[in-house]
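Per-entry structural report
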Amino acid sequence: MKKKQHKIKATKRIDFADIPLWMCIFFIALGSVLGSIFTYNCLYLNQLIDREEAVAATGSFDSYRLSYGKSGAVNEVQIRFIDRSELYLNTAAYHVEMDEKLEALEKGQRLDMLLHPNSQDVWELKSDNEVILSFDDAKSQTRLENGLYFVLVGLCLIGVFIGSFALFSNHFARRKKRQKVDIDNSSSAV
């Protein structure tokens, strides 16, 4: 009985010099802009903090509003207060039970909060009789979210690297082509 031999197909090597110049610049620009935004999010707005660094606040509850994204997931949880101010909950730690607890709040009920000093997001929310959002839950979920941001930053850096490498490959390929043309022109002139 003969064994089947698998033929390995030779794959075409990617020639970065063939990538158009506009695409190189696009990869560099897009990777730089998105990488900067994701880095800002995870190193400043969602920076992990300790309880002692959080800003304590209180307010009288008026209402709340949930905003949903295209996927149907909660994008934003906005809490409105009687004095017309509003704050947003850390949505990384949002769960369905939190919605039930917010629904049970009465207008004018006092809320104690811990806010992130940079983003002013609510990382802990307590009413008179129960914890609606735990600081530790918000911190652990933000740690997971920041891990995803770092993956996105890495992908953006890969895009910048590919764009830069292709740009230099294009430059050196054109330079080599010009030198070849110059050599051909000088040898035909003799």
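Just above sits the structure.
Here is a short report on the structure shown in this document.

1. Considering the pattern of salt bridges
As enumerated under the stated definition, the model contains 6 salt bridges in all. Residues Asp62 and Lys107 are paired through a salt bridge, measuring 3.1 Å at the closest nitrogen-oxygen approach. Remark: Lys107 occurs in the loop between helix H2 (96-104) and strand E4 (110-115) and Asp62 occurs in strand E1 (residues 55-68); sequence separation between them is 45 residues. For Arg65, the salt bridge is made with Glu76, and the minimal N-O distance between the two is 3.6 Å. Taken together, the residues span a long stretch of sequence, with Arg65 in strand E1 and Glu76 in strand E2 (residues 74-81) at a distance of 11 residues.

2. Considerations on the pairing of E1
Pairing of E1 with E4, which is carried by 6 bridges, proceeds in the antiparallel orientation. Across the sheet, residue Thr58 finds its bridge partner in E4, namely Asp112. Across 7 bridges, the pairing between E1 and E2 is antiparallel. Its bridge partner lying in E2, Phe61 is registered against Phe81. Where E1 hands over to E2, the hairpin turn is made up of 5 residues, of which Gly72 adopts a positive phi near 95 degrees.

Analysis parameters
Residues numbered from 1 in each chain as written. Predicted model: local features only at pLDDT ≥ 70, side-chain atom pairs only at ≥ 80, totals over all residues. Heavy atoms only, no water. Salt bridge = Lys/Arg side-chain N within 4 Å of Asp/Glu carboxyl O. Helix = DSSP H or I, 4+ residues; strand = E, 2+ residues; numbered from the N terminus. Pairing = 2+ DSSP bridges.

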